[in-house]
Amino acid sequence: MTAVATAPPRARRRFTGSVGLLALPIAAWLVFFFIVPFGLILWYSFGEKPSLYVTHSNDVLSLARYVEALDPAFLTTFWRTTQIAIVGTALCLLIGFPIAYWMAVKLSPRARGIVLALVLVPYWTNFLVRTIGWQITLSPEGFLSDFLNGIGVLNGPLQVLYTQQAVQLGVVYNYLPLMILPLYVALERMDHRLLEASRDLGGNWWSSFWRVTIPLALPGIMSGLLLVFVPLMGDYITPSVLGGASGSMVGQMVAGQFQRAQNWALGSAMAICLMLAILLVVILFGVLFKLIGVALARFRHLGDLDRAGAIS
Amino acid sequence: MTTTVDRPTERAAETRDEPVARKHRTPLGDVVLGIWGVAGLLFLFFPVLVIVAYSFNTGRQLQSWDGFGLDSYANAFNNPTIVATIQVSLMAAAGSAVVSTILGSFAGVALARRGGRWAVWLVALLGLAMVTPEIVNAVSLLPWFVTLGADWGLSIFNLGQVRLVIAHSLFACAVVTFIVRARMAGLNESLEEAAADLGAPPVQRFWTITFPLMRPAVISGALLSFTLSLDNTVLSSFVSVAGSTPWPVYVFASLRSTLRPEIAAMSTVMLLLTLAVLALVAIVLSRASRKTGDGSGLAQTLAGG
């Protein structure tokens, strides 16, 4: 009996001991092609562009590129980027939550699978091509412009393309699936009987929503916000296709330094600033959510006390 | 005694009442929610449908509709530049799929079978690779490839195809890892243990037991890496070298001049290819979950669950 009981763990240990090593190649790959390159631009950001034909030099180390990066033009674009990203993330949540809720709670399991596939299809369509679809739609000589003129809503060509509003629409569209998917997963995992219980116990729609649905969906909301906000801050395609001069974002400025100006030192400093800003906002969001969580718990606790007091 | 008798009847009365009450109360909310959901789906499909519709435009400019016809498809397939970019894209996608699948499958097995302190770090590294804005990856890979290729004399890193495969694999190998991990975590180790008890050496155990179990995840991971690589624009436009321009970079570059209907036509063809691949993924995953009764769905995996 003891032999039977002890044999499997020993065998498993022997097997899994070597299994751990299987993670080494990917770790080496990511360190060599992801971490080290990032370290390289971090190093370049302390250097300079010595002459017209040289992209970078680290002979003199200074923080001068960061000072240069944070000039008014960059800060204006940076502020616009942050604005677009925060408004875009919030809109994705507001638009995406009811969709995810509808999919996870209201649909039958069979319909759920089909609708999920329908959400995934545009998501897997080429990002650039989808954005060009909006460019066609919003262009002054496009069909939407003609249609709006035809029904008399608009007088003259549609003037939305190459503005900040066009970029805002584009990013909400492009990142909406990244919000819907984690929300859907969280809401689908939720035990629906909890909602019924809440209703049976006298909770109205509003209180069940705030005290059952939202707390259970919170992990999904948080990963959705992260998945939308972080890539949105660094978006380069959407503003290039829809933004023009008045709707440009930081990603384009970073790209410009590497592709046109050939100033790798300054471009690196801009990229590092972008990463730091994203990190800062994510940390702020994290703290904010922790506070909301504490407040929700407090609120719930107070509510319970209140009810207890009312009963006694 | 009376209470125990009473309570069931009370509850029965409630449950009998409830559906009626709910039927009265919910329709409006449900209808609004349903309309919102359907409108959301239409919103998501809208620009895709626009592209497909405009691929039949016979005009010279994509934005201004001229007439309906298949000219743009013929023009696209007769344009040697476009065909060359498609070839570059398909080859890079295949290469990236191979690299990401090998790296990701190993890592997925390792994570599912053996946690530990390093696992947290690996997951953090993979997560970081997935969430870092592409533009930052792109601008850091470009100088690194130049350093490796020009300064250190490793000429393999001057090849456009090699650069594309490496760049595309960074995100894709993380996706494959999470898919394989989700699959392996849903299966218990008893079969492997049984094989071990019966004296099978580790390598044989892997090929006869472990690999067949993880095969659906490996196949879908490979197919997803393939489509991810086909779609990649930002990384490609930084690391690709003249002579090996992939399709999305060609499209992106032609935005600066004029967009012609050929672009929409070839994009529609590529969309159909992506859809076919996705359908394969769905079939492989659903067959696998039906066989083992494990429902680690695609959305769950994609959402990082």
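Criteria and cut-off values
Residues numbered from 1 in each chain as written. Chains lettered and ligands numbered in written order. Predicted model: local features only at pLDDT ≥ 70, side-chain atom pairs only at ≥ 80, totals over all residues. Helix = DSSP H or I, 4+ residues; strand = E, 2+ residues; numbered from the N terminus. Buried ≥ 20, exposed ≤ 12 C-beta atoms within 10 Å, placed from the backbone. Contact = placed C-beta atoms within 7 Å. UniProt positions renumbered as here; feature names shortened; annotations may be inferred. Axes fitted to C-alpha atoms, helices over the stretch in contact; angles between N-to-C directions. Parallel < 35°, antiparallel > 145°, perpendicular 65-115°, else oblique. Left-handed = near helix turned anticlockwise from the far one by under 90°. Nonpolar A, V, L, I, M, F, W, Y, C, P; charged D, E, K, R; others polar. pLDDT = per-residue confidence, 0-100. Expected span 1.5 Å × (residues − 1). Core = buried A, V, L, I, M, F, W, Y, C linked by C-beta atoms within 7 Å. Domains from an automatic or database assignment.

Engineer: Please clarify how the overall build of chain B should be interpreted in this entry.
Structural biologist: Along chain B, the regular secondary structure elements total 12 helices and zero strands. By residue count, 46% of the 305 residues in chain B fall in the buried class. Expressed as a percentage of contacts within chain B between residues at least 6 apart in sequence, the contacts between residues at least 24 apart total 78%.

Engineer: Looking at this structure, how should I read the overall build of chain A?
Structural biologist: Each helix and strand counted, chain A has 13 helices and zero strands in total. Along chain A, from the amino end to the carboxyl end, the secondary structure elements read α-α-α-α-α-α-α-α-α-α-α-α-α. Counting only residues that meet the buried cut, chain A has 42% of its 312 residues in that class.

Engineer: What exactly am I supposed to notice about the environment of Gln168 of chain A here?
Structural biologist: All names here are of chain A. Along the chain, Gln168 turns up in helix H8 (residues 164-189). Judged by the 19 C-beta atoms lying within 10 Å of it, Gln168 falls in the partly exposed class. Separated by 23 residues in sequence, Gln168 and Asp191 place their C-alpha atoms 35 Å apart. Here Gln168 is in contact with Ile84, Val87 and Gly88, once residues within four sequence places are set aside.

Engineer: Before we go on, may I ask you to explain the UniProt feature "transmembrane region" (unreviewed entry) in chain A in this structure?
Structural biologist: Mapped onto this numbering, the UniProt entry annotates "transmembrane region" (unreviewed entry) at residues 21-46, 84-102, 114-136, 166-187, 208-230 and 269-292 of chain A. In this annotation, residues 21-46 of chain A is assigned 81% helix and 0% strand; the end-to-end C-alpha distance for the span is 37 Å.

Engineer: How should I be thinking about the packing of helix H7 (residues 190-197) of chain B against helix H8 (residues 202-231) of chain B in this particular structure?
Structural biologist: Think of two packed helices as two axes; the pair is described by the angle between the axes and how far apart they sit. All names here are of chain B. Axis separation between H7 and H8 bottoms out at 10 Å; the angle between their running directions is 150 degrees. Overall, the two elements H7 and H8 adopt an arrangement that is roughly antiparallel. Classified by chirality, the crossing of H8 by H7 is right-handed. Here H7 contributes Leu191, Glu192, Ala195 and Ala196 to the contact with H8, which in turn contributes Arg205, Thr208, Ile209 and Thr210. Each residue belonging to the contact of H7 with H8 can be placed in one class, and the counts come to four nonpolar, two polar and two charged.

Engineer: Would you explain the environment of Gln164 of chain A in this entry?
Structural biologist: The residue Gln164 of chain A is located in helix H8 in this model. Other than its neighbours up to four places away in sequence, Gln164 of chain A contacts Arg80, Ile84, Ser246 and Gly247 of chain A.

Engineer: Can you walk me through the interface of chain A and chain B in this structure?
Structural biologist: A common measure of how large an interface is: the accessible area buried when the components associate. Contacts between chain A and chain B engage 79 residues on the former and 77 residues on the latter. Broken down by element, the residue count for the side of chain A that touches chain B peaks at 13 residues, all from helix H2 (residues 24-44) of chain A. Here the residues of the side of chain A that touches chain B are counted per class, giving 62 nonpolar, 13 polar and four charged.

Engineer: I tried to follow the packing of helix H4 (residues 72-106) of chain A against H8 of chain A on my own but got confused; where do I start?
Structural biologist: Residues and elements named next belong to chain A. Where H4 meets H8, the axes come as close as 6 Å, and the angle between the chain directions of the two elements is 40 degrees. Relative to H8, H4 is oriented oblique. Here the hand of the crossing between H4 and H8 comes out right-handed.

Engineer: Mind showing me how you'd approach the confidence of the model for chain B here?
Structural biologist: Predicted coordinates in areas of low pLDDT are best not read in detail. All names here are of chain B. On average, chain B scores 82 in pLDDT, and the residues at 70 or more come to 85%. Residue range residues 1-24 is modelled with pLDDT below 50. Its contacts to residues more than four positions away, or to other chains, number zero contacts. For this predicted complex, the interface confidence score (ipTM) comes to 0.82, while the overall pTM stands at 0.82.

Engineer: I would appreciate a short explanation of the environment of Val239 of chain B in the present structure.
Structural biologist: Residues and elements named next belong to chain B. With respect to the helices and strands, Val239 occurs in helix H9 (residues 234-239). Taking the C-alpha atoms as reference points, Val239 and Ile166, separated by 73 residues in sequence, lie 9.8 Å from one another. Dropping the residues within four chain positions of it, Val239 is found in contact with Leu141, Leu142, Phe145, Arg163, Leu164 and Ala167.

Engineer: What am I meant to see in helix H5 (residues 109-124) of chain A here?
Structural biologist: Owing to its 3.6 residues per turn, the α-helix aligns residues three or four sequence positions apart on the same side. Given a rise of 1.5 Å per residue, 16 residues ought to cover 22 Å, and the 23 Å separating the end C-alpha atoms of H5 of chain A matches this to within 8%. Within the span of H5 of chain A, buried status applies to Val115, Leu116, Val119, Leu120, Pro122 and Trp124 of chain A.

Engineer: Hey, could you run me through the nonpolar core in this one?
Structural biologist: Most often, soluble globular proteins have nonpolar side chains that are buried together. If you look at the biggest cluster of nonpolar residues, it comprises 159 residues, and the most contacted ones within it are Ala100, Leu183 and Val254 of chain A together with Val139 and Leu141 of chain B. Looking at which domains feed residues into this core, each of domain 1 (7-54) and domain 2 (73-302) of chain B gives three or more. Among all residues touching Leu183 of chain A, those that are not within four sequence positions of it are Gly96, Phe97, Ala100, Ala217, Gly220, Ile221 and Gly224 of chain A.

Engineer: What is the right way to look at the confidence of the model for chain A in this model?
Structural biologist: When pLDDT is averaged across chain A, the result is 83; 90% of the residues are at 70 or more. Taking the mean pLDDT of every element in chain A, the minimum, 49, falls on helix H1 (residues 2-19) of chain A and the maximum, 93, on H2 of chain A.

Engineer: What should I look at first to understand unusual backbone geometry in this one?
Structural biologist: Glycine aside, negative phi is the norm for most residues, and most peptide bonds take the trans geometry. Residue and element names in this part refer to chain A. Unusually for a residue other than glycine, Tyr162 sits at a positive phi of about 65 degrees. Positionally, Tyr162 belongs in the loop between helix H7 (143-150) and H8. Phi is positive for Gln262, which is not a glycine, with a value near 55 degrees. Within the fold, Gln262 resides in the loop between helix H12 (250-259) and helix H13 (264-311).

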